[in-house]
Amino acid sequence: MTTNYHPIGVFDSGYGGLTVLKEFIALLPDYDFIYLGDNARTPYGTRSFDVVYEYTLEAVQRLFDEGCYLVILACNTASAKALRTIQQRDLPRIAPNKRVLGVIRPAVEEVAGITKNGHVGVVATSGTVASESYPIELEKWSGARVKQTTQEACPMWVPIVESNLMNTAGADFFIQSNLQSLFQKDPLIDSLILGCTHYPLLIDSIRKFVPHGGVQVIEQGKIVARKLQDYLYRHPEIDENCTKSSVHRFLTTEDAHFFEVRAEQFLGYPIQAEKIEL
Ligand code: DGL
């Protein structure tokens, strides 16, 4: 790629981040984007802190090498386990003029304005749940509007999406049992955060198994896109480095054709992918 290509980097362990990229493209159609899916090493959700951090840093470094000045970790697990260390320890050393942002804080700020009774539920990977990032951030950023956060780890949901098994009886079994367990722990939950970027692909089953229509289900894509737009507006020094030719590239650590077929299902149009090594 030419040196005049400075896209916004979007990273996920697999396909889930495409649900975020789709909203970025819809809201910021002029910008260049480069997506990196670490499909060969997905899922991250069951991996240790150190491994998720190491993999995420490799991906961020690769996206910097591709010309990015700004990288969005469109993955809650990476945001929960690696973002802070990368921001505080690595960036000042490897790229002080570049930025890495995550997806947890935008969701947290949004739910604070949505919940009526302060009872929030979070479904996420085991890694995100164990990190306690959502309860901690909700306490910090919700302005005391969130009184109780209840989490449920859903280790099967990412493999269901990665294996294209959405809307099957098997998927419904796991989704129903995880949601049942969550709402048993707190029946008063009125807002449910989908704390994993893969989960919007399971939205039909999720809506089927929340106990009543009054529960607001919060997907991250549109929220994170609005926050990115706002960030670029507030940080012209970063924005001016991001090129705007509507060019979108897709990198995967798995087979490129495999990625192209699945990505088309996520995005609704065909793309070309490149296989890379991290
Ligand atoms: N999309 C990632 C997230 O938001 C999935 C993590 C995984 O690979 O388990 O957490």
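For the structure, check the block above.
Nothing here was measured: the structure is a model prediction, and the numbers come from that model. (Residues numbered from 1 in each chain as written. Predicted model: local features only at pLDDT ≥ 70, side-chain atom pairs only at ≥ 80, totals over all residues. Heavy atoms only, no water.)

J.: In this structure, what is going on with the overall build of the chain? I would like to understand it.
T.: Each helix and strand in the chain was counted, giving 13 helices and ten strands. A globule of 278 residues ought to have a C-alpha radius of gyration of about 19 Å, and the chain, at 18 Å, matches this closely. Across its three principal directions, the C-alpha atoms of the chain cover 55 × 40 × 35 Å. Within the span of the chain, comprising 278 residues, buried residues form 57% of the whole. In the chain, of all internal contacts separated by at least 6 residues, the share reaching a separation of at least 24 is 79%. For the chain, the accessible area works out to roughly 12000 Å², and carbon and sulfur atoms hold 51% of it. Distance between charge centres in the chain, computed from 26 positive and 33 negative side chains, equals 5 Å. (Helix = DSSP H or I, 4+ residues; strand = E, 2+ residues; numbered from the N terminus. Rg over C-alpha atoms; globule rule 2.2 N^0.38 Å. Buried < 20%, exposed > 50% of the residue type's maximum accessible area, 1.4 Å probe, protein only. Contact = heavy atoms within 4.5 Å. Areas by Shrake-Rupley, 256 points an atom, 1.4 Å probe, with all protein chains shown as cover. Lys, Arg positive; Asp, Glu negative; His and termini not counted. Charge placed at Lys NZ, Arg CZ, Asp CG, Glu CD.)

J.: What is the right way to look at the site of the ligand in this model?
T.: The environment of the ligand is made up of 14 residues, and the closest members are Ser-13, Tyr-44, Gly-45, Thr-77 and His-198. Contact between the ligand and Ser-13: an oxygen atom at 2.5 Å from a side-chain N or O atom of the residue. Here an oxygen atom of the ligand sits 2.8 Å away from a polar atom, N or O, in the main chain of Asn-76. Protein chains bury 99% of the 300 Å² of accessible surface belonging to the ligand in isolation. (Near = heavy atom within 4 Å. Polar contact = N/O pair within 3.5 Å; in protein donor to acceptor, adjacent residues only side chain to side chain.)

J.: Can you help me understand unusual backbone geometry in this one?
T.: Keep in mind that most residues, glycine aside, have a negative phi and that most peptide bonds are trans. A cis amide bond links Thr-42 to the next residue, Pro-43, at an omega of 0 degrees. By the secondary structure assignment, Pro-43 is in the loop between strand S2 (33-37) and helix H2 (49-65). For Asn-164, which is not a glycine, the phi torsion comes out positive at approximately 60 degrees. Relative accessible area serves as the criterion here: at 37%, Asn-164 is assigned to the partly exposed category. The residue Ser-246 is not glycine, and still its phi comes out positive at about 55 degrees. Residue classification places Ser-246 among the partly exposed residues on the basis of a relative accessible area of 39%.

J.: Would you mind showing me how to read the environment of Gly-67 here?
T.: Summarising the element assignment, Gly-67 is placed in the loop between H2 and strand S3 (70-73). In this structure Gly-67 comes out as buried when scored by relative accessible area, which is 13%. In this view, Gly-67 contacts Tyr-5, His-6 and Pro-7; residues no more than four positions away in its chain are not counted.

J.: Which parts of the structure should I look at to understand the sheet that holds strand S8 (residues 216-218)?
T.: Strands pair in a sheet through their backbones, by hydrogen bonds, and they do so in one of two ways: parallel or antiparallel. In spatial order, the strands read S6-S5-S7-S8; together these four strands make up an open sheet with parallel pairing. Each having just a single partner strand, strand S6 (148-153) and S8 make up the two edges of the open sheet. Strand-to-strand, the axes of this sheet are offset by a mean angle of 20 degrees, without reference to chain direction. Pairing analysis gives four bridges linking strand S5 (residues 119-124) to strand S7 (residues 191-194), with the strands arranged parallel. Counted as the bridge partner of Val-120 is Ser-191 from S7. Contacting S5, S6 and S7, helix H7 (residues 133-141) crosses the sheet at an angle of about 160 degrees to S6. Lying over the sheet, helix H9 (residues 169-185) contacts S5, S6 and S7, oriented at roughly 155 degrees with respect to S6. (Pairing = 2+ DSSP bridges. Axes fitted to C-alpha atoms, helices over the stretch in contact; angles between N-to-C directions.)

J.: Where do I start with the environment of Ile-34 in this structure?
T.: Secondary-structure assignment places Ile-34 in strand S2. You can call Ile-34 buried: its relative accessible area is 0%. Note: C-alpha distance between Ile-34 and Asp-239 (205 residues apart in sequence) is 16 Å. When neighbours within four sequence positions are excluded, Ile-34 is seen to be in contact with Tyr-5, Pro-7, Ile-8, Gly-9, Val-10, Leu-63, Glu-66, Cys-68, Arg-249 and Leu-251.

J.: What should I look at first to understand the nonpolar core in this one?
T.: The nonpolar side chains of a soluble globular protein tend to be buried with one another. Counting residues in hydrophobic clusters, the biggest one holds 54 residues, and the most contacted among them are Leu-18, Phe-33, Leu-179, Tyr-199 and Ile-206. Discounting chain neighbours no more than four positions away, the residues touching Leu-179 are Val-123, Trp-157, Leu-192, Ile-206, Phe-209 and Val-210. Formed by 26 residues, the second largest nonpolar core is a distinct cluster that contains Tyr-44, Tyr-53, Leu-63 and Phe-64. (Core = buried A, V, L, I, M, F, W, Y, C linked by side-chain atoms within 4.5 Å.)

J.: Explain the pattern of salt bridges here, please?
T.: Across all of its chains, the model carries 17 salt bridges by this definition. When the shortest N-O distance is used, the salt bridge between Glu-137 and Arg-84 registers 3.3 Å. Note that Glu-137 is positioned in helix H7 and Arg-84 in helix H4 (residues 83-94), a separation of 53 residues in sequence. Classification of Glu-137 as buried rests on a relative accessible area of 12%. Through salt bridges that share partners, Arg-62, Glu-66, Arg-249 and Glu-274 make up one connected network. (Salt bridge = Lys/Arg side-chain N within 4 Å of Asp/Glu carboxyl O.)

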